[in-house]
Amino acid sequence: MAFCNNSVLSLVRKSHSTINPFFCGKLPIYRRLTRSAHQFNPSFGLLFDIDGVLVRGRNPISGAAEAFKKLTDSDGKLAVPLVFVTNAGNCLRQHRATELSSVLGVEISADQIILSHSPLRRFSHFHDKWVLISGQGPVEEIAKDLGFCKIITIDDLRAAYPMLDMVDHSRRPKNSPLISSAFPAIEAVVLIGEPVRWETSLQLILDVLLSAGRPSEWLSQVPYPHIPVMACNMDLVWMAEAKAPRFGHGTFLVCLETLYHKLTGHQLKYEALIGKPSTVTYSFAEHLILKQAKERNWSNPIHTLYAVGDNPMADIYGANLYNLHLQSQPGRMEDGRPQSCQSILVCTGVYGNQKEVPPDPQESVTQTVFHGHRDFRLDPTLVEASYVVQDVGQAVDLVLKKEGWVLDQMAPPL
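In the nomenclature of an unreviewed UniProt entry, the protein chain is known as Haloacid dehalogenase-like hydrolase domain-containing 5 of Pelobates cultripes. Looking at the Sequence similarities (unreviewed entry) heading of the UniProt record, one finds this comment for the protein chain: "Belongs to the HAD-like hydrolase superfamily."

Student: Help me understand the pattern of salt bridges in this model?
Tutor: Side chains bearing opposite charge may pair, as long as their charged atoms lie close to each other. Inspection of every chain in the model, using the stated rule, returns 16 salt bridges. As a salt-bridge pair, R96 and D51 come within 3.3 Å of each other at their nearest N and O atoms. Of this pair, R96 sits in helix α2 (residues 93–104) while D51 is found in the loop between β2 (44–48) and β3 (55–56), placing the two residues 45 residues apart along the sequence. Exposure class is identical for R96 and D51. Each is buried. The salt bridge partner of E199 is R197, with a shortest N-O separation of 3.1 Å. A residue is classified by how much of its surface remains accessible, and R197, at 31% relative accessible area, is partly exposed.

Student: What should I look at first to understand the sheet that holds strand β7 (residues 130–134) in this one?
Tutor: Strand pairing in a sheet is mediated by backbone hydrogen bonds. Such pairs are either parallel or antiparallel. The strand order across the open sheet formed by five strands is β8-β7-β9-β10-β13, and the pairing between neighbours is parallel. Of all the strands in the sheet, the pair left with one neighbour each is β8 (150–153) and β13 (272–274). For this sheet, the mean angle separating the axes of adjacent strands, direction not counted, is 20°. Here three bridges tie strand β10 (residues 229–232) to β13, and the two strands are oriented parallel to one another. Among the inter-strand pairings, M230 is bridged to a residue of β13, identified as A272.

Student: Explain the layout of surface pockets to me, please; I cannot follow it from the model alone.
Tutor: Empty space among the atoms becomes apparent when a probe as large as a water molecule is rolled across them. A volume near 730 Å³ is recorded for the largest pocket. What lines the largest pocket is a set of 36 residues, among which D51, A88, N90, R96 and W238 lie closest to the centre. Going through the elements one at a time, α2 and α8 (312–327) are the ones with two or more residues in the lining of the largest pocket. With five residues, the single largest contributor to the lining of the largest pocket is α2. Tallied by class, residues from the lining of the largest pocket come to twelve nonpolar, 13 polar and eleven charged. In this structure, the second largest pocket encloses a volume near 400 Å³. Considering the residues around the second largest pocket, the lining is formed by 16 residues, among which E107, S109, Q112, Q292 and R296 are closest to the centre. Residue composition of the lining of the second largest pocket, by class: six nonpolar, four polar and six charged.

Student: Looking at this model, I keep getting lost on the pairing of β8. Mind explaining?
Tutor: Residues in a regular strand point their side chains to alternate faces of the sheet. As judged from the four bridges shared by β7 and β8, these two strands associate in the parallel manner. Bridge pairing in β8 links V131 to I151.

Student: I'm lost on empty space enclosed by the protein in this one. Help?
Tutor: Inspection of the entire model under this criterion finds three cavities of 30 Å³ or more. Estimates place the volume of the largest cavity at around 90 Å³. In this structure, the largest cavity is lined by M234, D235, L236, V237, K276, P277, N311, M313, A314, H371, G372 and H373. Taken together, the residues of the lining of the largest cavity sort by class into six nonpolar, four polar and two charged. Looking at the second largest cavity, its volume works out to about 50 Å³.

Student: Just checking my understanding: could you explain α2 for this structure?
Tutor: Every α-helical turn comprises 3.6 residues, leaving residues that sit three or four positions apart pointing alike. The end-to-end C-alpha distance of α2, which contains twelve residues, comes to 16 Å, matching closely the 16 Å that a straight helix rising 1.5 Å per residue would cover. By the burial criterion, the buried members of α2 are R93, R96, A97, L100, S101 and L104. The buried residues of α2 all sit within an arc of 140° when viewed along its axis, so they share a single face. Residues of α2 that are buried in the fold lie against α1 (64–69), β5 (82–85), β6 (113–114) and α3 (139–146). Looking one or two residues beyond α2, the residue adopting positive phi is G105, at roughly 70°.

Cut-off values and rules
Residues numbered from 1 in each chain as written. Predicted model: local features only at pLDDT ≥ 70, side-chain atom pairs only at ≥ 80, totals over all residues. Heavy atoms only, no water. UniProt positions renumbered as here; feature names shortened; annotations may be inferred. Salt bridge = Lys/Arg side-chain N within 4 Å of Asp/Glu carboxyl O. Helix = DSSP H or I, 4+ residues; strand = E, 2+ residues; numbered from the N terminus. Buried < 20%, exposed > 50% of the residue type's maximum accessible area, 1.4 Å probe, protein only. Pairing = 2+ DSSP bridges. Axes fitted to C-alpha atoms, helices over the stretch in contact; angles between N-to-C directions. 1 Å grid on protein atoms, 1.4 Å probe; cavity = no way out; pocket = protein on both sides within 12 Å on 5 of 7 lines; lining within 4 Å. Points joined across faces, edges and corners; volume = space filled by probe spheres on them. Nonpolar A, V, L, I, M, F, W, Y, C, P; charged D, E, K, R; others polar. Expected span 1.5 Å × (residues − 1). Arc of directions from axis to C-beta. Contact = heavy atoms within 4.5 Å.

Take a look at the structure:
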């Protein structure tokens, strides 16, 4: 893949859109939608990132709940199809849905949550294979929820081969344990998120790759290509309560890739890279948007997707990449499927932690090295958001105005 020749690039510019002048002055007041839900026929769908857009760690971002009230009908139900697309993956969908329902004051279902690993539901050809799962949280439950039947965790592997984990001297076994010959050969590795003990996970995953899935049988020649590896969440950093971004799963992947190459001279290959900015994730989001519209009997075709996020390298890159994918598929209009995906960047998270919209969107507003994954080519145009707004409230206002859903009679016309 192509790499960045210049380590410092202007990454977020407004070349093809400018900030709507509607937002330069006082924002109009939107009422809650007053018609009953069955009278609404939305022709657009919404994709919301979570961390840095709706919450910072455990703390809600100001105005998020008010923004979602604008998307509900008089019965308090969501009047537009929407999903939450996050690169987090250390919990079950229902847990995240319950948290968001509390934060936003709107009922959110598990079917509206797309975690970084959610698209693995479609990888059914791996569901009956022995897979090593790396991550944190209830990893076994997560794997079962995704459809995997034969699950091995890092803890399972460490228990079966206790002499492999040798960095932490306090965890080394006192006696030489017996190794079970009945332990199954691992057929694939699934990385669902950053683990807690990086040194343990890095060592054991490499042992599996270098031994073709049988760590007890060290091979004289490194097997290449190695067994399949699927990775979810490529974010180098993410935004929590701290002032500066924190290491994400992308950082763990950099360590794994570097060590594998250092040890073998080969590049680590991925069977699939899932999570934003992968088109696999956005395709899954589109599928759920269309499914919601059908279940609610909304008859209008969904012509546009709006993706709201705070990370230019994940949210904006991914939305713009998917927009190119949609544009390359003729016949979508006739099929009633989305024809475009518009990216909306908010200033409340990873994006420079700016909190405010830059005064001149035509010029570079942040400079950074390329934080995207190794296997994604840097195209500076893909990190240029269609729109830059201050926060999720302004993002919702922008979409409602563009779609003609402004109900306040005092709001200016388009």
